[in-house]
Amino acid sequence: MRTRSGRGAARGRSAGRVVAAGRERHAAESPLDGRWLVLGKDGRLTAYARSHAGLVRWTETRPGGPHWSEPGFIAVPDLTHLSVAQGADTYVHFLGRRAREGGDALPAVDIVHAIQYQTARPVTEWRSLGNPHPQREKAARLGAPVAAVSTTGRVHILVRNAGGGLMLRREKPSGKWDAWLDLKGSGVRDGFAAAVHSSGRIEVFASNSQYAMRWWQAQADGDFGPEPNIPLRVAPGTASVLETAPDRSTYYWADEETGRLVAHRPGGWVIPLGDASTGDRVAVLRAVLDGYDCTVLAHRGLDGEVMLAACGTENEGAGLWWSPTGGPSVGAPALALDGHGRVVLAMIGTDGTLRVARQGAGPGLVLDPAVRV
């Protein structure tokens, strides 16, 4: 197809006060990891990015846009990484890796979590969820966390440990937290992905220098078990997971040796997607286009330009036509459906501003020119 251009935390006070983000002091430096363009219960989109001192966000002034709020800033000191995930209840969860300097050479590293319950509202206080390593030397080597929220609203936190295994900590039905659990794994690298399927089961897709690893829940909110490894090499930080049939995933990533984008479903062949990546995550979205179930993909090309393509879902083998859309960006772009069901592409410009391109009228996937927010 051608394209053109926490329950427990609820009891905590709201401490994420939002202030106006100065264009220079709090300019966005990179998007958050994860799906950083999200649709709220009221039908408005919100985009999130990192600045050197915290979180920057923009919110549509009404469902479907086209106007957005001025950027708001939420101070979050000492973060080295920040990711975002949204639950079926539309709550937005932020998960950070915090490294605070102490009196010795090693920083004190922990995982912090906060929630935004409603569109454009304050964020809860940032609550520490600790570190699976009691030893400070190992704790300092903890990786970048990823969050997944089950269909029942339970938050699952996944992070690489100092030994290269995968650790899990998840919320109990009561809102308290289970202890850290070691899911094992070997040589896990940061930049892995997690997806929540329509069945409620959560899947994790990770890689090391030799192959890809997967973990699945046996049932919704159940235990995780390993799946057979995939003997393919994945460039770290490029992988995305999309449910393309009930409890069946398609994985998208850049090949570690060539940098070329591919798609893969277990049991099938590797499908070349005809373009190369700069090493950022591939943005993926299912959308109905001209009455057909389609997959929309976006990534940052070798020259920094955002590239867009679409195909019938699970029909990547028919070929994709990539189109430059929106200009150069910093980090991975994001895709979402707005309150009217239209495809929206968001990117962080090289000047630290948000840029948005929205699906226009006409057949296929035709995006109106990107606008600077």
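Residues numbered from 1 in each chain as written. Predicted model: local features only at pLDDT ≥ 70, side-chain atom pairs only at ≥ 80, totals over all residues. Heavy atoms only, no water.

A.B. asks: Help me out: how do you make sense of the overall build of the protein in this one?
C.D. replies: Looking only at helices and strands, one finds one helix and 33 strands in the protein. Relative to the 2.2 N^0.38 estimate, which gives 21 Å for 373 residues, the radius of gyration of the protein is 20 Å and therefore close to what a compact globule would have. With the C-alpha coordinates aligned to their principal axes, the bounding extent of the protein is approximately 55 × 50 × 40 Å. For the protein, the residues scored as buried account for 58% of the 373 residues in total. Carbon and sulfur atoms form 51% of the exposed surface of the protein, whose accessible area is close to 15,400 Å². Positive and negative charge centroids in the protein, built from 43 and 37 side chains respectively, lie 5 Å apart. (Helix = DSSP H or I, 4+ residues; strand = E, 2+ residues; numbered from the N terminus. Rg over C-alpha atoms; globule rule 2.2 N^0.38 Å. Buried < 20%, exposed > 50% of the residue type's maximum accessible area, 1.4 Å probe, protein only. Areas by Shrake-Rupley, 256 points an atom, 1.4 Å probe, with all protein chains shown as cover. Lys, Arg positive; Asp, Glu negative; His and termini not counted. Charge placed at Lys NZ, Arg CZ, Asp CG, Glu CD.)

A.B. asks: What's the story with the confidence of the model for the protein in this structure? I'm lost.
C.D. replies: The predicted structure's coordinates, where accompanied by low pLDDT, should not be read in detail. Overall, the predicted model of the protein reaches an average pLDDT of 92, with 93% of residues at or above 70. A low-confidence stretch, residues 2-14 stays under pLDDT 50, and its non-local contacts, those more than four residues away or across chains, total 42 contacts. (pLDDT = per-residue confidence, 0-100. Contact = heavy atoms within 4.5 Å.)

A.B. asks: Please explain the sheet that holds strand β16 (residues 181-184) as it appears in this structure.
C.D. replies: To summarise the sheet geometry, strands pair through backbone hydrogen bonds and adopt either a parallel or an antiparallel arrangement. Taken in spatial order, the four strands of this open sheet run β13-β14-β15-β16, and their pairing is antiparallel. Where the open sheet ends on each side, the last strands, each with one partner, are β13 (146-149) and β16. Geometrically, the sheet is characterised by an average inter-axis angle of 25° between neighbouring strands, direction not taken into account. Inspection of the sheet shows strand β15 (residues 166-170) paired to β16 by three bridges, in the antiparallel sense. What sits directly across from Leu166, in β16, is Lys184. (Pairing = 2+ DSSP bridges. Axes fitted to C-alpha atoms, helices over the stretch in contact; angles between N-to-C directions.)

A.B. asks: Please explain the pairing of strand β29 (residues 334-337) as it appears in this structure.
C.D. replies: Residues in a regular strand project their side chains so that they alternate between the two faces of the sheet. As paired strands, β29 and strand β30 (residues 343-348) are joined by four bridges and run antiparallel to one another. By the bridge assignment, Ala336 is partnered in β30 with Val344. Linking β29 back to β30 in an antiparallel pair, the connection comprises five residues, with Gly341 at a positive phi of about 80°.

A.B. asks: Just to check I follow, could you spell out empty space enclosed by the protein for this structure?
C.D. replies: In this approach, a probe sized like a water molecule rolls over the atoms, and the result shows the empty space that is left. Roughly 60 Å³ of volume is contained in the largest cavity. Elements with a minimum of two residues in the lining of the largest cavity: β5 (37-39) and β6 (45-51). Along the lines of polarity and charge, the residues of the lining of the largest cavity split into five nonpolar, seven polar and two charged. The space that makes up the second largest cavity amounts to roughly 50 Å³. As for the second largest cavity, its lining consists of 13 residues, and the residues nearest its centre are Gly191, Phe192, Ser207, Pro236 and Gly237. For the lining of the second largest cavity, the class distribution of residues is seven nonpolar, four polar and two charged. (1 Å grid on protein atoms, 1.4 Å probe; cavity = no way out; pocket = protein on both sides within 12 Å on 5 of 7 lines; lining within 4 Å. Points joined across faces, edges and corners; volume = space filled by probe spheres on them. Nonpolar A, V, L, I, M, F, W, Y, C, P; charged D, E, K, R; others polar.)

A.B. asks: Could you clarify how one ought to interpret unusual backbone geometry in this entry?
C.D. replies: A negative phi angle is the norm for most residues apart from glycine, just as the trans form is the norm for most peptide bonds. A cis geometry characterises the amide bond from Gly65 onward to Pro66, with omega recorded as 10°. With respect to the secondary-structure elements, Pro66 resides in the loop between β7 (54-59) and β8 (72-75). Phi at Ala120 takes a positive value of approximately 70°, unusual for a residue other than glycine. In this structure, Ala120 sits in the loop between β11 (108-116) and β12 (127-128). Exposure remark for Ala120: the relative accessible area of 33% places this residue in the partly exposed category. Located in the positive-phi region is Glu314, a residue other than glycine, with phi close to 65°. Looking at the secondary structure, you find Glu314 in the loop between β27 (305-312) and β28 (323-328). Look at Glu314 and you get partly exposed, because its relative accessible area is 24%.

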